[in-house]
Each structure stands twice: as C-alpha cells, then as structure tokens.
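Topology and contacts: notes
Single-letter residue listing:
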Amino acid sequence: MLQIGWIGVGNMGEAILRGALQGSALTAEQVHLFDANILKTNKLQEELHVHVAGSAAELISVSDMVLLAVKPHVCSVVLEEHREMLQDKALISIAAGWSQERLASLLPERVRILRVMPNTPAMVGEGMTVFEQGNTLSREEYEFALQLFSAVGRVSEAESQQMDAVTGVSGSGPAYVYVFIEALADAGVRAGLPRSKAYELAAQTVLGSARMVLETAEHPGRLKDNVCSPAGTTIEAVAALERCGFRNAILEAVDACVTKSKSIGK
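In this report, we go over the structure that sits alongside the text. (Residues numbered from 1 in each chain as written. Predicted model: local features only at pLDDT ≥ 70, side-chain atom pairs only at ≥ 80, totals over all residues. Heavy atoms only, no water.)

A closer look at the overall build of the protein chain
Of the regular secondary structure elements, the protein chain holds twelve helices and eight strands. Counting the 266 residues in the protein chain, one finds 39% classified as buried. Only carbon and sulfur atoms are counted for the fraction: they give 56% of the accessible area of the protein chain, which is about 14600 Å². For the protein chain, the separation between the mean place of its 23 positive charges and that of its 31 negative charges on side chains is 6 Å. (Helix = DSSP H or I, 4+ residues; strand = E, 2+ residues; numbered from the N terminus. Buried < 20%, exposed > 50% of the residue type's maximum accessible area, 1.4 Å probe, protein only. Areas by Shrake-Rupley, 256 points an atom, 1.4 Å probe, with all protein chains shown as cover. Lys, Arg positive; Asp, Glu negative; His and termini not counted. Charge placed at Lys NZ, Arg CZ, Asp CG, Glu CD.)

Structure below.
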C-alpha cells in the first residue's frame, strides 16, 4: 500500500487531505503529516486518525510519495534541505509558480515529479485540479495521483507555459466566486432578504449555473441570453453590470494573479 506524506497542511493541503479521505481515495493508514503548526497536525491526527511525523525528514523516510503543500517561498528551503532524502521518491507539488523544471533543478535526477494546481473546493469533492504535462512519475504513481485528485473533483492537464493562467482561473478562482456570492447576498439583504436566505439563494444559484455550463456544454453567453427576456428585469441587471465594468474587473483580477504567479516562478 503506497504511503503518502503531506509536507504542509494549510488550507489547500487540508482540503486535499479531507477530500481524499472522504472520497475513499486514501485510507488514514496511508497518510503521514508534517507541518510547523504542531497543534494543527495533532488535531488532524485526533480527528482523522492519520500518522503525524516529528519532522519533514522523518515523514520523507516513511513515504513513497510526498505531497509538497508549503507556501511557494518555503519550497526552496524544504527541497534543498531534504534533496538527498527525496532520491527515488515521487514528489507532487502544489506550490504556485513552481514549474516542474524549476523543481527538478533543485533535486537529484531520480526524484520523480508531478506539478499540480488544485483548488479548495476539493474539500467538498468539487475541486478543479490541473496536472502539468510532462511529469516523470511512474505509471503506477501517476494512476495513484489521478485517483487521488479525481476523488476530490475534476482533473485536467495543461502545458507548462499555461500553468500560470491555470492559477489565475481555477487555482485562485474560488476567491473571486466567494466575493461574488458575498456581494450578491449583500444585495439581497439590501433588498429585504434575511442574511441566511440571501446566502442560500446566492450560493445555490452559482452552483446551479456552473453545473449548467458543464452539463449542457452550451456557451455561457447563450445560457445568459436564455435568462434575458426582451425589455425584462435580467437584461436591465446585465446592463448595470456592464456599465460598472464587471467583465473588465474579472479580466484584471485574473491578469494580476497570473502576473504574480509568474513573478514567483522567477
């Protein structure tokens, strides 16, 4: 049974962990955790019955595959300090801005690498994970990684030069959606809805709309047109969004995220 170790269990690392366990892609017996936040790992051990290592070195020694889930600025420290220990291991990295090529430059040749960009809805089984093409995992390891991330949502692949754009759209995208849901609910409260009802309506509307895009394969513009009756209420609202620069705000947000991701990778 493949043993997998988490170095870092922040928000994203924990989301993948919980989603994978809930989706039965892993058993607690396979999982080892290490994080500088000992209180958090101890809490996860108590709740999920996973193993906790006393150091990153200890975790690597008992793991066949290591999930590197630390902040991008910590990556080089972790990799350089443990580079020899990672020899002959499989490494999956979720660090934004760190390409497979850059990871490989700090590691021995016999470390097998897969770079992925997941997102936090993995915690509820609705994640979007993108694998960077050209990984060096063995067939068995790749199938295991695919099974792991498929248990927490959809999995796709992208070329290396597209991964910063992936970060801007799906990696960071949930934050933009949460801002939209919050704003939509605020508007509902302003119009007279109770706060709890406004959040329920806003969140379910986003969920249902997203599912329609995926399941009907219709262009989002056509689905939008289907809601907009001539001289109706919805087209008035869409016109207001256009006047306020809604589309441009999204374009600028993604562009800012992509630019930041590229700067991290330098």
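Looking at the pairing of strand β2 (residues 31–34)
Inspection of the sheet shows strand β1 (residues 4–7) paired to β2 by four bridges, in the parallel sense. Each residue of the ladder has a partner; that of Gly5, found in β2, is His32. What joins β1 to β2 is helix α1 (residues 11–22), and the crossover it makes is right-handed. The sheet contact formed by β2 and strand β3 (residues 51–52) spans two bridges and is parallel. By the bridge assignment for β3, Leu33 is matched with Val52. (Pairing = 2+ DSSP bridges. Right-handed = clockwise from strand over helix to strand, strands pointing away.)

A closer look at the pattern of salt bridges
Between side chains of opposite charge, pairing is possible as soon as their charged atoms come close. Here the structure, examined in full by the defined rule, presents 13 salt bridges. Residue Lys40 is joined to Glu14 by a salt bridge in which the shortest nitrogen-to-oxygen separation is 3.0 Å. You can see Lys40 sitting in helix α2 (residues 38–48) and its partner Glu14 sitting in helix α1, a full 26 residues away along the chain. For the salt bridge of Lys224 with Asp225, the shortest nitrogen-to-oxygen distance reads 2.8 Å. Given a relative accessible area of 32%, Lys224 falls into the partly exposed group. We classify Asp225 as partly exposed; its relative accessible area is 44%. Ionic contacts of the salt-bridge type, sharing partners, join the residues Glu14, Arg18, Lys40 and Glu47 into one network. (Salt bridge = Lys/Arg side-chain N within 4 Å of Asp/Glu carboxyl O.)

Section: helix α7 (residues 163–171)
For α7, the set of buried residues is Met163, Asp164, Val166, Thr167, Gly168 and Ser170. Against the buried residues of α7 lie β6 (112–117), β7 (127–132), β8 (153–158), α8 (173–190) and α12 (246–264). (Contact = heavy atoms within 4.5 Å.)

What to know about a nonpolar patch on the surface
On the surface, a cluster of nonpolar side chains totalling about 390 Å² of accessible area is made up of Phe180, Leu184, Leu241, Phe246 and Ile250. By the secondary structure assignment, Phe246 is in helix α12. Judged by its relative accessible area of 37%, Phe246 is partly exposed. (Patch = residues over 30% accessible without salt bridge, like charges linked within 9 Å, V, L, I, M, F, W, Y side chains within 5 Å.)

Quick look at the packing of aromatic side chains
Counting across every chain of the model gives three aromatic pairs. Members of the aromatic cluster, joined through ring pairs, are Phe131, Tyr142 and Phe149. The lysine or arginine in question, Arg102, covers the ring of Trp98, its NZ or CZ lying 3.7 Å from the ring centre. (Phe/Tyr/Trp six-rings, centres within 6.5 Å; stacked < 30°, edge-to-face > 60°. Lys NZ or Arg CZ within 6 Å of the ring centre and 35° of its normal.)

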